[in-house]
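Chains, contacts and geometry: an overview
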Amino acid sequence: MKLAQALGANALADKDPLPPDLRRRLLARDPLFVASHWILFTLAIVGIVIALATIRPWGRRFPRWILLTATWTAGIFMIVRSLGPVGYGFVGDTLVLTGVQPPPPQHAELARHLARWDLMLWSPFFLLWGLLWTATAWRFTRTTRT
């Protein structure tokens, strides 16, 4: 998706849970956002290499600590993002949708709309992805003990 966005597509860009001013810049293809798409695409490729390195023989060329640090960090980061103790995620979205943490009145409808998208799409995606990364890290930890 980030590659598609970097190349000019707007695949789900309008569902990105951003404040209105950043959202406008994202949809207007601000150079900062285009650069961030390329960076995130590159990180995704690095993630693929790291994931494969944990299960392929050629992965033994990488220091074990790098693979363990990367997999555990990615997994924990994504699980925390999905839970949302700092804003987006199951907790933050639920607080917005129940009115416990009301958004700014001028952007209330947009905030509720994005919270629904985040609750139904992005948060479950990040939770699943994080669980898979931590499972990979756990398996790699167990299979590479000396």
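Residues numbered from 1 in each chain as written. Predicted model: local features only at pLDDT ≥ 70, side-chain atom pairs only at ≥ 80, totals over all residues. Heavy atoms only, no water.

Looking now at the packing of helix α4 (residues 64–83) against helix α6 (residues 108–143). Taken N-terminus to C-terminus, the directions of α4 and α6 make an angle of 155°; their axes are 7 Å apart at the nearest point. Between α4 and α6, the interaxial angle falls into the category roughly antiparallel. Seen from above, α4 lies across α6 with left-handed handedness. Class assignment of the residues belonging to the contact of α4 with α6 gives a composition of 16 nonpolar, 8 polar and 3 charged. (Axes fitted to C-alpha atoms, helices over the stretch in contact; angles between N-to-C directions. Helix = DSSP H or I, 4+ residues; strand = E, 2+ residues; numbered from the N terminus. Parallel < 35°, antiparallel > 145°, perpendicular 65-115°, else oblique. Left-handed = near helix turned anticlockwise from the far one by under 90°. Nonpolar A, V, L, I, M, F, W, Y, C, P; charged D, E, K, R; others polar.)

A few words on α6. Side chains that are three or four residues apart share a direction in an α-helix, a result of its 3.6 residues per turn. Here α6 spans 49 Å end to end across 36 residues, near enough to the 52 Å set by a 1.5 Å rise per residue. Within α6, the axis deviates most sharply at D118, by approximately 45°. (Expected span 1.5 Å × (residues − 1). Bend = angle between axes of the 7 residues up to and from the residue.)

Another point: the pattern of salt bridges. Taken as a whole and judged by the stated rule, the model has 4 salt bridges. Ionic pairing is found between R81 and D118, a salt bridge with its closest N-O pair at 2.7 Å. Highlighted residues: R81 in helix α4 and D118 in helix α6, separated in sequence by 37 residues. Since its relative accessible area comes to 19%, R81 is described here as buried. In this structure, the salt-bridge partner of R112 is E109, at a minimum N-O distance of 3.4 Å. Linking R112 with E109, this pair stays in helix α6, spanning 3 residues, or about one helical turn. Where salt bridges share partners, they join E109, R112 and R116 into one cluster. (Salt bridge = Lys/Arg side-chain N within 4 Å of Asp/Glu carboxyl O. Buried < 20%, exposed > 50% of the residue type's maximum accessible area, 1.4 Å probe, protein only.)

Moving on, we come to the packing of helix α5 (residues 90–98) against α6. If you want to describe how two helices pack, look at the angle between their axes and the distance between the axes. Relative orientation of the contacting elements α5 and α6 amounts to 160°, with a least axis distance of 9 Å. Relative to α6, α5 is oriented roughly antiparallel. Here α5 and α6 pass one another in a crossing that is left-handed. Note on element contacts: α6 touches α5 through A111, R112, A115, R116, D118, L119, S123, P124 and L127, opposite F90, D93, T94, V96 and L97. Looking at the contact of α5 with α6 residue by residue, the classes come out as 8 nonpolar, 2 polar and 4 charged. (Contact = heavy atoms within 4.5 Å.)

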